[in-house]
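In case you want the letters, here they are:
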Amino acid sequence: MQAQTVRAHKHLHLRLVQAPLVGRLAPPAGALLQRLQHKGLCCGLLHQQKNFWHPSCQPVRAMASWPSIEIGGRKVEGISIAGQETCIILPQLSLALDTGRCPQRSAFQRTVLLSHAHMDHIGGLPFHVATRALQGLPPTTVVLPSCVAKATEGLLEAHRALDGSEMRCDILPCKPGDELVLMNKLICRPFQTFHPVPSQGYTLFSRKQKLKAEYIGRPSEEIRDLRLSGQVVTEQLETCELAFTGDTGPEFITAEGSADALRARLLIMELTFLDDKVAPESAHEMGHMHIDDLVDHADKFKNEHILLIHFSARYSAAQIFENLDDRLPADLRKRCIPFMNGFLDYSKA
Ligand SMILES: [Zn+2]
Ligand SMILES: [Zn+2]
């Protein structure tokens, strides 16, 4: 299907799948379009099907439909290019990790975890909040470092003043040591990261009740009777499902609070610089990781999968693969998946 962008509101551009009939759109987009048409806000999508592009109907930026990848049963979408935009979308968890420019699919995620307030990570937040409000979806839950909460409220307040709309959202400031229960029932614990501005990463845990070791293998009737007699036969099992670093220098690898991130089933980690044209020391000064950091600390990563994001735009897709293949130890390389959305020549790599 061909993706197109329509000016659906005087301030708001929405990417919708080209659809001769509204009913063919995915339900949220179809419902939105019907509401916009009803209000007279849509620029005549239906009668412009053949000659869709209208002079006043240009997209804000080139829109592309980035592929979704699957890692250990988890779908991952979005885009991440250093200095341009980072937004990792986990649709099964209704979660967006940072929102640099709010890709269209990002706004369908209920919760946004913000690692820090650099523009390429936070710039899309007002758009995320406004889009959900416009669609009548529950307000965005925004989890962010405590020290940037006030300024972020100010950012949204400025947009409310400009837009005249309510832009409701729930802001949850937090810091390392805190614990939050997200809408998807995962337990969220921030951890310290190292960047020139205040920053933090997030670990997400699932909790399950599991039969205590001493009862495993016993008949189910016996377990039931024990339970009825008041015996506690289960214990809580906590698994670190996912960790997200946001932008950070390599200090996080050896930091005390990073143990859970380094054993998360899926670690989503920045790796900005991949070759010797940028020295590791220069990368560290900017608060970013260099591939040498992964090589030096290869034994510390116990993760099943590591999604590498935030490559510098200086690299082509071929160079990204070449450097990872040449420089990472084999055991680490086979667990690393480079996130290539946004690197346009990735299909040729
Ligand atoms: Zn960044
Ligand atoms: Zn940054």
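Model, not experiment: these values are computed from the prediction.

Reading the values: rules and limits
- Residues numbered from 1 in each chain as written.
- Chains lettered and ligands numbered in written order.
- Predicted model: local features only at pLDDT ≥ 70, side-chain atom pairs only at ≥ 80, totals over all residues.
- Pairing = 2+ DSSP bridges.
- Helix = DSSP H or I, 4+ residues; strand = E, 2+ residues; numbered from the N terminus.
- Axes fitted to C-alpha atoms, helices over the stretch in contact; angles between N-to-C directions.
- Contact = placed C-beta atoms within 7 Å.
- Expected span 1.5 Å × (residues − 1).
- pLDDT = per-residue confidence, 0-100.
- Core = buried A, V, L, I, M, F, W, Y, C linked by C-beta atoms within 7 Å.
- Buried ≥ 20, exposed ≤ 12 C-beta atoms within 10 Å, placed from the backbone.
- Parallel < 35°, antiparallel > 145°, perpendicular 65-115°, else oblique.
- Left-handed = near helix turned anticlockwise from the far one by under 90°.
- Nonpolar A, V, L, I, M, F, W, Y, C, P; charged D, E, K, R; others polar.

Engineer: Run through the sheet that holds strand β7 (residues 111–113), naming residues and quoting values.
Structural biologist: As a general point, the strands of a sheet are linked pairwise by backbone hydrogen bonds and lie either parallel or antiparallel. Spatially, the seven strands line up as an open sheet ordered β3-β4-β5-β6-β7-β8-β9, and their pairing is mixed. Each edge of the open sheet carries a strand with a single partner, namely β3 (69–71) and β9 (169–174). The sheet shows a mean angle of 25° between the axes of neighbouring strands, taken without regard to direction. Across the sheet, helix α3 (residues 125–134) touches β7, β8 (140–145) and β9, and the angle it forms with β8 is around 160°.

Engineer: A description of helix α4 (residues 149–163) should follow, citing residues and the corresponding values.
Structural biologist: Between the first and last C-alpha of α4 there are 21 Å, a value that for 15 residues agrees with the 21 Å anticipated at 1.5 Å per step. Note on α4: the residue one or two positions beyond its end, G164, has a positive phi of about 75°.

Engineer: Lay out the confidence of the model for the protein chain in plain terms, naming residues and giving numbers.
Structural biologist: Confidence in the prediction for the protein chain averages 84 pLDDT; 80% of positions are at 70 or higher. pLDDT under 50 marks residues 1–64. Its contacts with residues more than four places away, or in other chains, come to 63 contacts.

Engineer: Residue-level account of the sheet that holds strand β13 (residues 234–244), with values.
Structural biologist: Reading across the sheet, the seven strands line up as β10-β11-β12-β13-β14-β15-β16 and stay open at both edges, with mixed pairing between neighbours. Because the sheet does not close on itself, it has two edges, and the strands there are β10 (180–181) and β16 (336–338).

Engineer: Please provide a residue-by-residue account of the nonpolar core, values included.
Structural biologist: By size, the foremost hydrophobic cluster in this structure holds 61 residues, and its most contacted members are I88, L113, A243, L267, I268 and L307. Ranked by residue count, the leading element in this core is α3, at five residues. Each residue touching A243, except ones within four places of it in the same chain, is listed here: G201, Y202, T203, D260, A261, A264, L267 and I268.

Engineer: Describe the pairing of strand β5 (residues 85–90), and please don't skip the residues or the numbers.
Structural biologist: Counting buried positions along β5 yields six of six residues, so the element is predominantly enclosed. Alternating residues of β5 divide into E85, C87 and I89 and T86, I88 and L90, and every residue in both groups is buried. Note: strand β4 (residues 74–81) against β5, five bridges, orientation antiparallel. The residue of β5 that forms the bridge with S80 is T86. In this structure, the hairpin formed by β4 and β5 is closed by a connection of three residues, where G83 is found at a positive phi of approximately 75°. As paired strands, β5 and strand β6 (residues 95–97) are joined by three bridges and run antiparallel to one another.

Engineer: Summarise the environment of G83; cite the residues concerned and give the values.
Structural biologist: As for its placement among the helices and strands, G83 is situated in the loop between β4 and β5. Residue class for G83 comes out partly exposed when judged on the 15 C-beta atoms lying within 10 Å of it. Placed 189 residues apart in sequence, G83 and T272 show a C-alpha to C-alpha distance of 9.8 Å. Not counting residues up to four positions away in its chain, the partners in contact with G83 are D120 and A313.

Engineer: So what's going on with the packing of α3 against α4? Residues and values would help.
Structural biologist: Interhelical geometry of α3 versus α4 gives an angle of 55° and a closest axis separation of 10 Å. Relative to α4, the element α3 lies oblique. Pair α3 / α4 crosses with right-handed handedness. Mapping the contact onto sequence places P126, V129 and A130 in α3 and L155, L156, H159 and D163 in α4. Looking at the contact of α3 with α4 residue by residue, the class counts come to five nonpolar, one polar and one charged.

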